[in-house]
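Here are the chains, one letter per residue:
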Amino acid sequence: MPLRSLLFVPVLRERFVEKAATSGADAIILDLEDSIAAAEKAPARAAAPEVLQRVAAQHPQVFIRVNGLDTGLLEQDLHAAVAPGLAGISLPKANGPETVRQVDAYLTLLERVRGLPSGYVRLLLWIESAKGVMAVEQSLAASPRVLGACFGAEDYTADLGIVRSEGMEEVAWARTRMAVACHAAGVLALDTPAAEFRDLAKPRAEAAFARSIGYRGKHCIHPDQVAVCNDVFGLSDAEAAWANGVVAAYEAGERAGLGAVALDGAMVDRPVYLRALRLLGR
Ligand code: COA
Ligand code: MG
């Protein structure tokens, strides 16, 4: 299933919870972490099981973002989160493989206790610190539950004490490194959310660049960002036409004994053909 758009829903915002399933987002991330104030952590956790059941009854991909391992809240958050209907855990501050292995072990225990198949709960890892970026390959390999990684620009810049400008040049290396690591591991690269939700030009530009370096989707903080992400990360008519043209031209060339053919003034050879097939999801 695609994860073009992942909409954050603070678990205590009842109006948001009601609207989440009809937002058009490919995934809903019920948040217990950054959007929940310290004093509300316990009530948010207490509300999570019922909110999960309600949203999961209407949406196939509901994740819960728990608090990080070093907060002391993670264990209780997982205890509240793991239930039938949960697609996975969105794990913040995935700073290295030890963290991922620890969470994997907790999930194995909870699955057993709750009668869920082993490996039922998937993991999305937030790569959002210097350590997280440097250890990304090992973290992705640390559990077979890992479905993807999420680049967290806000926490990453906070960790480095740097400021991100409009074009995100300051975080470009880390963002690209994570995307390449995800492809090497065969998991999805998912982009940081954009803060802007009235003027959608910025989220659109961020999403388009993210896609151009290998990202498959982007987080959203507001429902108006969802259509933008679905559009940018989906296959456009022009891309489908190009890819179908390439496939037809290359396969005709192959039948004629040619490894490279011309199409609209450009060469098409095997890597171009493979890229077209991939774009078409074949
Ligand atoms: N999920 C579901 N619905 C949402 C939503 C969300 N994340 N954000 C807004 N909505 C709904 C509102 O309920 C409203 O619908 P309604 O008028 O039918 O009630 C509609 O979308 C428009 O909301 P709007 O008034 O434009 O937004 P706002 O000013 O109330 O809130 C934010 C703006 C950014 C504060 C809010 O979108 C938000 O809290 N987002 C999540 C933040 C988050 O999770 N951060 C942590 C991740 S980094
Ligand atoms: Mg954060």
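A brief structural summary. In this text, all values refer to a predicted model and were calculated from it rather than measured experimentally.

1. Some points on the pattern of salt bridges
Part 1 of the reasoning: All told, the structure shown has 21 salt bridges when counted by the stated rule.
Part 2 of the reasoning: For the salt bridge of Asp-77 with Arg-45, the shortest nitrogen-to-oxygen distance reads 2.8 Å. With Asp-77 in helix α3 (residues 74–81) and Arg-45 in helix α2 (residues 41–56), this residue pair connects regions lying 32 residues apart in the sequence. An identical accessibility class is assigned to Asp-77 and Arg-45; each is buried.
Part 3 of the reasoning: A salt bridge links Arg-177 to Glu-137; the nearest nitrogen and oxygen atoms lie 2.8 Å apart.

2. Things to note about the sheet that holds strand β5 (residues 122–127)
Part 1 of the reasoning: Judged by pairing direction, the barrel is parallel, and its 8 strands sit side by side in the order β1-β2-β3-β4-β5-β6-β7-β8 before closing back on the first. Taken over all neighbouring pairs, the strand axes of this sheet differ in orientation by 25° on average, direction set aside.
Part 2 of the reasoning: In this structure, strand β4 (residues 86–91) lies alongside β5, joined through 4 bridges in parallel fashion. Its bridge partner lying in β5, Gly-88 is registered against Arg-122.
Part 3 of the reasoning: Taken strand by strand, helix α10 (residues 226–233) contacts β1 (5–10) and β8 (217–220), and its axis lies near 175° from that of β8.

3. Brief notes about the nonpolar core
Part 1 of the reasoning: Within the largest apolar cluster, 64 residues are counted, with the highest numbers of intra-cluster contacts made by Leu-30 and Ile-89.
Part 2 of the reasoning: The contacts of Leu-30, once residues within four sequence positions are left out, are Val-9, Val-11, Val-51, Leu-52, Val-55, Val-62, Phe-63, Ile-64 and Arg-65.

4. Side note on the coordination of the magnesium ion (ligand 2)
Put simply, the ideal angle at a metal is 109.5 degrees for four donors in tetrahedral geometry and 90 or 180 degrees for six donors in octahedral geometry.
Part 1 of the reasoning: Binding of the magnesium ion (ligand 2) to the protein goes through Asp-34 (OD) and Asp-155 (OD), at separations of 1.8 to 2.0 Å. Remark: Asp-155 occurs in helix α7 (residues 153–160) and Asp-34 occurs in the loop between β2 (27–31) and α2; sequence separation between them is 121 residues.
Part 2 of the reasoning: Looking at Asp-34, the relative accessible area reads 48%, which means it is partly exposed.

5. Considering the packing of α3 against helix α4 (residues 97–113)
Part 1 of the reasoning: Look at α3 against α4: their axes get within 10 Å of each other, and the N-to-C directions meet at 35°. For the pair α3 and α4, the sense of crossing is right-handed. Every residue of α4 that contacts α3 at Leu-74, Glu-75, Leu-78 and His-79 is listed here: Val-103, Tyr-106, Leu-107 and Leu-110.

6. Considerations on the packing of aromatic side chains
Two descriptors summarise a pair of aromatic rings, namely the distance from one centre to the other and the angle between the planes of the rings.
Part 1 of the reasoning: For the structure shown, the criterion picks out 3 aromatic pairs.
Part 2 of the reasoning: Between the aromatic rings of Phe-8 and Trp-126, the centroid separation amounts to 6.1 Å while the plane-to-plane angle is 25°, which identifies the pairing as stacked. Remark: Trp-126 occurs in strand β5 and Phe-8 occurs in strand β1; sequence separation between them is 118 residues.
Part 3 of the reasoning: The class for Trp-126 is buried, based on a relative accessible area of 2%.
Part 4 of the reasoning: Residues Tyr-250 and Tyr-273 carry aromatic rings whose centres are separated by 4.2 Å and whose planes lie at 20° to one another, so their mutual orientation is stacked. Taken together, the positions of Tyr-250 in helix α11 (residues 237–255) and Tyr-273 in helix α12 (residues 270–279) put the pair 23 residues apart, joining distant regions of the chain. As far as the burial class goes, Tyr-250 and Tyr-273 line up, both buried.
Part 5 of the reasoning: One cation-aromatic arrangement involves Arg-65 over Trp-126; the distance from NZ or CZ to the ring centre is 5.4 Å.

7. Let's talk about α2
Part 1 of the reasoning: Relative to the 22 Å expected for 16 residues at 1.5 Å per residue, α2 spans 21 Å between its end C-alpha atoms, a close match to the ideal helical length.
Part 2 of the reasoning: Of all the bends in α2, the largest measures some 40° and sits at Ala-48, one to four residues before the proline Pro-49.
Part 3 of the reasoning: Among the residues of α2, Lys-41, Ala-44, Arg-45, Ala-48, Val-51, Leu-52, Val-55 and Ala-56 are the ones counted as buried.
Part 4 of the reasoning: Buried positions along α2 lie against α1 (14–20), β2, β3 (62–65), α3 and β4.

Definitions and cut-offs
Residues numbered from 1 in each chain as written. Chains lettered and ligands numbered in written order. Predicted model: local features only at pLDDT ≥ 70, side-chain atom pairs only at ≥ 80, totals over all residues. Heavy atoms only, no water. Salt bridge = Lys/Arg side-chain N within 4 Å of Asp/Glu carboxyl O. Helix = DSSP H or I, 4+ residues; strand = E, 2+ residues; numbered from the N terminus. Buried < 20%, exposed > 50% of the residue type's maximum accessible area, 1.4 Å probe, protein only. Pairing = 2+ DSSP bridges. Axes fitted to C-alpha atoms, helices over the stretch in contact; angles between N-to-C directions. Contact = heavy atoms within 4.5 Å. Core = buried A, V, L, I, M, F, W, Y, C linked by side-chain atoms within 4.5 Å. Donors = N, O, S within 2.8 Å, 3.2 Å for Na, K, Ca; no water. Left-handed = near helix turned anticlockwise from the far one by under 90°. Phe/Tyr/Trp six-rings, centres within 6.5 Å; stacked < 30°, edge-to-face > 60°. Lys NZ or Arg CZ within 6 Å of the ring centre and 35° of its normal. Expected span 1.5 Å × (residues − 1). Bend = angle between axes of the 7 residues up to and from the residue.

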